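What follows is the residue order along each chain.
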Amino acid sequence: MRELWVWAVLLLMLCSNAGWAQKNAVDEEGHAWWQHAVFYEIYPRSFADSNNDGIGDLPGITSKLDYLRWLGPDAIWIAPMFPSPQVDWGYDISDYYNVNPDYGTLKDMDKLLAQGKQRDIRVLLDFVLTYTSDQNKWFQEAKSSRTNPKRDWYIWSDGKGPGQPPNNWTSNFGGSAWKFDSTSSQWYYHYFYPPQPNLNWRNPEVEKNMFDVTRWWYKRGVAGFRLDAVDVMFADSQLRDNPVVGNEKNAFGDPVEREINDKNQPELHGVLQRLRKVADEYDAVLIGETWTSDIDQLKRYYGEHNDEVNMPMDFMFAMVNKLSPQEFRKQILWVDGSGGWPVYVISNHDIRRAYNRYGDGKHDDQIAKLMASLYLTLRGTAVMYYGEEIGMENNDPKRPEDVKDSMGKLGWPKEKGRDGERTPMQWSPEINAGFSTAKPWLPVGDRYKTYNVESERKDPNSILNYYHQLLALRHTNKTLLDGKYIALNEDDPTVLSYMRSYKGQNVLVVLNMNGVTQKVDLNLAVKGVHATSAKTLLSSFAAPSRVDPSEISIPPFGAWIGETE
Ligand code: GLC
Ligand code: CA
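Residues numbered from 1 in each chain as written. Chains lettered and ligands numbered in written order. Predicted model: local features only at pLDDT ≥ 70, side-chain atom pairs only at ≥ 80, totals over all residues. Heavy atoms only, no water.

Caption draft 1: Quick look at the overall build of the protein. The helix and strand tally for the protein stands at 16 helices and 21 strands. For a compact globule of 565 residues, the expected C-alpha radius of gyration is about 24 Å, and the protein comes in at 25 Å, within 12% of that figure. Within the protein, buried positions represent 58% of all 565 residues. Intrachain contacts of the protein at a sequence separation of at least 6 include 68% that bridge at least 24 residues. Counting only carbon and sulfur atoms, one obtains 51% of the accessible surface of the protein, whose full area is about 23,100 Å². Charged side chains of the protein number 63 positive and 76 negative; the gap between the two group centres comes to 2 Å. (Helix = DSSP H or I, 4+ residues; strand = E, 2+ residues; numbered from the N terminus. Rg over C-alpha atoms; globule rule 2.2 N^0.38 Å. Buried < 20%, exposed > 50% of the residue type's maximum accessible area, 1.4 Å probe, protein only. Contact = heavy atoms within 4.5 Å. Areas by Shrake-Rupley, 256 points an atom, 1.4 Å probe, with all protein chains shown as cover. Lys, Arg positive; Asp, Glu negative; His and termini not counted. Charge placed at Lys NZ, Arg CZ, Asp CG, Glu CD.)

Shown next, in the form of structure tokens:
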């Protein structure tokens, strides 16, 4: 009898331990938590400043969790918050096991994780795995001598001749991708800035060491990572030159190269598979910074057996850059038919805000709602970018002396860098948009008095309230979560329409990408759906509560979402 008790208690303990019963849980469609989730990217330096030093921080993020809870994302991804000399604003990590003092302490991180958990908001970090900061102790050791045990953790080579780098590879931020180190008289490889030496992933110790970093954070409660710059994790082992294309020069004045030897090397997929195995042990999820030029490349990141990156972001969709139904249809069809779970993004800390890229200067707010209606109603997971929900726009530096992003310093005036899309979150009409009482590290956007959380929450027609409703709809509508994507009116050059179908339920999405009112016949019968009425679920304009799907009127840049009856 006593033994039975012991067993029962043991079993109970096992089941309740760290959500054990929930581990790798899926719904009846086989979908895991992240497939129904909306993610929200936070640039920590610019989100919220708790101690008024002009720099956003972790307690600032924690203080905004209730706002996020109200808005609706299920998870946040925080851009690098590790100790860093900030040459590339955190993407140059000097210690993977700590928090940058600008942003707080490990205790603050634990608090953020715990407070997030209480609100069902998971926290993901940014894993910069391709390179480290040159201030990282691993690199300091590696560079100390040619025989140091960590020497081979990075990529070293003799030059072609005196003062000549080993090959013609150029850095993404301009100039040669090699830097001469006078201590050991060899060159080291850096795909990005010189202070960002690339790790040598062919060395098994690097793999072990970096995988351990992820384990350490998973154990602390982190729900996954966004994997930075995975395409340049490996370069050709023989260091062969890249072919040069014509006589053109890029924004940095370097020759344009076809990057066949410094990008997309096959070995990277082995690493991703093994990294995924570790993530799976913790029910964690991997998002990929996966720039690709075609769908086959993107497919490779999912892995042949869906065993690499859970969520490779589709930047081909993100960079459509014009309100073109044909172009969006093509991209959606590709990724939707890829066999992997689509991941849609329209903005991030490296690209101009969608508000500017798609806006026409006249209907910008309508267009912001239109774009939201698009990527948040497709079959897949959406990754938002902070401020997008209030219609934040780029605030680019006007003078070279104001530029903070080295990319802009090196590329000015052709390349102004990425400061514009990284400005402080606009919380209120107060001084500095309520971000901080001190001068923020980047200037707040000009229109913050109108475009801010506090004012927009009060306005039922604001972009913010539209996002709020859209996220609520997405979370509660099974068809939007699990339904198939079916394109409608595939030849329509002005209106993008599609249907999401699940177990006989159909959600219809109609997006007018044009400045003229359109009358739309959705031609549902062609798809075997015979409905004469559809109920409006959400619209960006005053739509009737019921419409006839063969005759829907949509104003300029209007978005309508409904359900057949
Ligand atoms: C990634 C980051 C970007 C950074 C680059 C190099 O692409 O998203 O912000 O500049 O890596 O570090
Ligand atoms: Ca601060």
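Caption draft 2: The arrangement of unusual backbone geometry in detail. Between W412 and the following residue, P413, the backbone shows a cis peptide bond with an omega angle of 0 degrees. Following the sequence through the fold, P413 ends up in the loop between helix 13 (406–411) and helix 14 (453–458).

Caption draft 3: Summary view of the coordination of the calcium ion (ligand 2). Coordination of the calcium ion (ligand 2) by the protein involves D49 (OD), N51 (OD1), D53 (OD), I55 (O) and D57 (OD), with metal-donor separations of 2.2 to 2.4 Å. In primary-sequence terms, the residues that donate to the calcium ion (ligand 2) follow D-x1-N-x1-D-x1-I-x1-D. For N51, a relative accessible area of 48% corresponds to the partly exposed category. Residue D53 is classed as partly exposed on the basis of its relative accessible area of 36%. (Donors = N, O, S within 2.8 Å, 3.2 Å for Na, K, Ca; no water.)

Caption draft 4: Region of interest: the nonpolar core. F39, Y40 and L374 are the most contacted members of the largest nonpolar core, which has 155 residues in total. Formed by 17 residues, the second largest nonpolar core is a distinct cluster that contains L488, L522, L524 and A534. (Core = buried A, V, L, I, M, F, W, Y, C linked by side-chain atoms within 4.5 Å.)

Caption draft 5: Looking closely at the site of ligand 1. Near ligand 1 you find 13 residues, and of these D88, Y131, D228, E289 and D350 are the closest. A distance of 3.0 Å is found between an oxygen atom of ligand 1 and a side-chain nitrogen or oxygen belonging to R226. Within the side chain of H349, a nitrogen or oxygen atom sits 2.8 Å from an oxygen atom of ligand 1. Summarising the interface, the protein chains cover 97% of the accessible area of ligand 1, which totals 310 Å² for the free molecule. By residue class, the composition of the shell around ligand 1 is four nonpolar, two polar and seven charged. (Near = heavy atom within 4 Å. Polar contact = N/O pair within 3.5 Å; in protein donor to acceptor, adjacent residues only side chain to side chain. Nonpolar A, V, L, I, M, F, W, Y, C, P; charged D, E, K, R; others polar.)

Caption draft 6: Spotlight on helix 5 (residues 137–144). Along helix 5, the residues that are buried comprise W138, F139 and A142. Summarising the axial view, the buried residues of helix 5 lie within an arc of 90 degrees, below the 170-degree limit, and thus occupy one face. Contacts made by the buried residues of helix 5 are with strand 4 (156–157), strand 6 (186–189) and helix 6 (204–220). With a side-chain oxygen positioned 3.0 Å from the backbone nitrogen of W138, the residue opening helix 5 is N136. (Arc of directions from axis to C-beta.)

Caption draft 7: Main features of the sheet that holds strand 5 (residues 178–181). Read across the open sheet, the three strands follow the order 4-6-5; overall the sheet is antiparallel. The open sheet is flanked by strand 4 and strand 5, the only strands paired with a single partner. Where strand 5 and strand 6 come together, four bridges link them in antiparallel fashion. When the sheet's bridge partners are listed, D181 is paired in strand 6 with Q186. (Pairing = 2+ DSSP bridges.)

Caption draft 8: Molecular detail of the confidence of the model for the protein. This prediction gives the protein a mean pLDDT of 96; 96% of its residues lie at or above 70. Confidence over residues 15–21 falls short of pLDDT 50; this stretch has three contacts with residues more than four positions distant or in other chains. (pLDDT = per-residue confidence, 0-100.)

Caption draft 9: Molecular detail of the pairing of strand 7 (residues 224–227). Alternating residues of strand 7 divide into G224 and R226 and F225 and L227, and every residue in both groups is buried. Pairing between strand 7 and strand 10 (residues 285–288): four bridges, direction parallel. Note that in strand 10 the partner of L227 across the bridge is G288.

Caption draft 10: Expanded view of the sheet that holds strand 13 (residues 381–385). Judged by pairing direction, the sheet is parallel, and its eight strands sit side by side in the order 11-10-7-3-2-1-13-12 without closing on themselves. Each having just a single partner strand, strand 11 (311–312) and strand 12 (343–345) make up the two edges of the open sheet. Across four bridges, strand 2 (residues 75–78) lies against strand 3 (residues 122–127) in parallel orientation. Paired with I78 across the strands is L125, a residue of strand 3. The strands touched by helix 7 (residues 267–281) within the sheet are strand 3, strand 7 and strand 10, with strand 10 carrying the most contacts at an inclination of about 145 degrees. (Axes fitted to C-alpha atoms, helices over the stretch in contact; angles between N-to-C directions.)

Caption draft 11: Structural view of the packing of aromatic side chains. A full pass over the atoms with the stated rule returns 38 aromatic pairs. Taken together, a centroid distance of 4.7 Å and an interplanar angle of 55 degrees make the contact between W89 and W441 tilted. Separated by 352 residues along the polypeptide, W89 in the loop between strand 2 and helix 4 (106–118) and W441 in the loop between helix 13 and helix 14 bring together distant segments of the chain. Given the relative accessible area of 13%, W89 is considered buried. (Phe/Tyr/Trp six-rings, centres within 6.5 Å; stacked < 30°, edge-to-face > 60°.)

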